[in-house]
Amino acid sequence: MAEFRLHCFRESGNAFKVAMMLDLSGADWEPVFLPFATGVTRTAQWRDEISDMGEAPVLEHRGQRLSQSGVILDYLAEVTDRFGAKDAAQRREIWRWILFDNHKFTSYFSMLRFQYGIQKTGETPVTEFLRGRVRAAWGVAEARLSRQAFIAGDAPTIADLSMAGYHYYREETGIDRATEFPAIERWAARIAALPGWRPPEMAMAQSGLS
Ligand SMILES: N[C@@H](CCC(=O)N[C@@H](CS)C(=O)NCC(=O)O)C(=O)O
């Protein structure tokens, strides 16, 4: 059995945040397939045995089960000594962006992508609202990434891996990233060029939605 086991499915950008970290750190890890569309994460058994929050990803390591991608990334930075903070001030800066990511940068985009790109709802008041919120949050990151190569400095950290989780999927969302957010586009390419990086469909092969 691999040292790290990640409960995940291919479409989960939140899980891909952790998969990227494991790949880029050269960790010995394996995906544990989560058939998300069956509703398994809503069952009492899964919540008892895997995670009470009923969300992917969940990381198993040394008898522990960790959830919340930000906490998992922080844990992995500690045990692998990769992509962590160089001092206390940078640690706070990393957490500032991970919290922003979880509240706005990833969450609005993941909902927009799910509704517009995967469920194919067409345009609705909800998708219009979400796209506006995405553009506002991405604008904040665009300004930062126009000035520096990575979110918390000149080298990649777990803040980048958190924020990049949804940037390698191709569903239509009504946002043209390359044109509207060129600094984010270049940043996503810089992360994908790091040694060991694999796309979601290679890192987490099985689809949880089909
Ligand atoms: N803040 C959480 C979000 C996790 C999350 O929302 N995961 C989705 C899959 S990508 C999920 O399991 N959703 C189930 C639900 O909302 O009921 C994290 O970063 O781990």
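Residues numbered from 1 in each chain as written. Predicted model: local features only at pLDDT ≥ 70, side-chain atom pairs only at ≥ 80, totals over all residues. Heavy atoms only, no water.

(A) Region of interest: the overall build of the protein. Broken down by element type, the protein carries nine helices and four strands. Secondary structure elements of the protein, listed N to C terminal, follow the sequence β-α-β-α-β-β-α-α-α-α-α-α-α. A compact globule built from 210 residues should have a C-alpha radius of gyration of about 17 Å, and the protein, at 17 Å, falls within 12% of that. The proportion of buried residues among the 210 residues of the protein is 50%. Here the contacts in the protein between residues at least 6 apart in sequence split such that 71% fall between residues at least 24 apart. Counting every atom, the protein has about 10100 Å² of accessible surface; 51% of that belongs to carbon and sulfur. Within the protein, one finds 25 positive and 27 negative side-chain charges whose respective centroids are separated by 4 Å. (Helix = DSSP H or I, 4+ residues; strand = E, 2+ residues; numbered from the N terminus. Rg over C-alpha atoms; globule rule 2.2 N^0.38 Å. Buried < 20%, exposed > 50% of the residue type's maximum accessible area, 1.4 Å probe, protein only. Contact = heavy atoms within 4.5 Å. Areas by Shrake-Rupley, 256 points an atom, 1.4 Å probe, with all protein chains shown as cover. Lys, Arg positive; Asp, Glu negative; His and termini not counted. Charge placed at Lys NZ, Arg CZ, Asp CG, Glu CD.)

(B) Quick peek at the pattern of salt bridges. With the rule as written, the count across this model stands at 14 salt bridges. Here Lys 17 makes a salt bridge to Asp 101, at a shortest N to O gap of 2.9 Å. Here Lys 17, found in helix 1 (residues 13-24), pairs with Asp 101, found in helix 4 (residues 88-118); they are 84 residues apart in sequence, far enough to count as distant. The class for Asp 101 is buried, based on a relative accessible area of 0%. Taking the shortest distance from any N to any O, the salt bridge between Arg 144 and Glu 93 comes out at 3.0 Å. Note that Arg 144 is positioned in helix 5 (residues 125-147) and Glu 93 in helix 4, a separation of 51 residues in sequence. When sorted by exposure, Arg 144 lands in the same class as Glu 93, which is buried. Put simply, Arg 5, Glu 30, Glu 60 and Arg 65 are held in one network by salt bridges that share partners. (Salt bridge = Lys/Arg side-chain N within 4 Å of Asp/Glu carboxyl O.)

(C) Local environment of the environment of Gln 206. The topology assignment puts Gln 206 in the segment after helix 9 (200-203). Note: C-alpha distance between Gln 206 and Ala 193 (13 residues apart in sequence) is 23 Å.

(D) How the structure looks around the packing of aromatic side chains. Tallied over the full model, the rule gives nine aromatic pairs. For the ring pair Phe 9 and Phe 36, a centre distance of 4.7 Å and an interplane angle of 20 degrees mean the geometry is stacked. Of this pair, Phe 9 sits in the loop between strand 1 (4-8) and helix 1 while Phe 36 sits in the loop between strand 2 (29-33) and helix 2 (44-49), placing them 27 residues apart in sequence. Residue class for Phe 9 comes out buried when judged on its relative accessible area of 6%. (Phe/Tyr/Trp six-rings, centres within 6.5 Å; stacked < 30°, edge-to-face > 60°.)

(E) The arrangement of the site of the ligand in detail. The ligand sits among Ser 12, Asn 14, Phe 36, Gly 54, Glu 55, Ala 56, Pro 57, Gln 68, Ser 69, Asn 102 and Tyr 166. One of the backbone nitrogen or oxygen atoms of Ala 56 is found 2.8 Å away from a nitrogen atom of the ligand. In this structure, an oxygen atom belonging to the ligand sits 2.6 Å away from a side-chain N or O atom of Ser 69. Alone, the ligand offers 500 Å² of accessible surface; in the complex the protein occludes 73% of this. For the ligand, the cavity whose grid points lie within 2 Å of the majority of its atoms is the largest pocket. (Near = heavy atom within 4 Å. Polar contact = N/O pair within 3.5 Å; in protein donor to acceptor, adjacent residues only side chain to side chain. 1 Å grid on protein atoms, 1.4 Å probe; cavity = no way out; pocket = protein on both sides within 12 Å on 5 of 7 lines; lining within 4 Å. Sits in = over half its atoms within 2 Å of the grid points.)

(F) Molecular detail of the sheet that holds strand 2. Sheet architecture is open: four strands sit in the order 2-1-3-4, paired in mixed fashion. Only two strands of the sheet have a single neighbouring strand rather than two, namely strand 2 and strand 4 (64-67). Across the sheet, the mean angle separating the axes of adjacent strands is 25 degrees when strand polarity is ignored. As paired elements, strand 1 and strand 2 share five bridges and run parallel to each other. The residue bridging Leu 6 from the neighbouring strand is Pro 31, located in strand 2. Lying over the sheet, helix 1 contacts strand 1, strand 2 and strand 3 (58-61), oriented at roughly 155 degrees with respect to strand 1. Contacts from helix 3 (residues 69-80) reach strand 1, strand 3 and strand 4, with the element oriented near 130 degrees to strand 4. (Pairing = 2+ DSSP bridges. Axes fitted to C-alpha atoms, helices over the stretch in contact; angles between N-to-C directions.)

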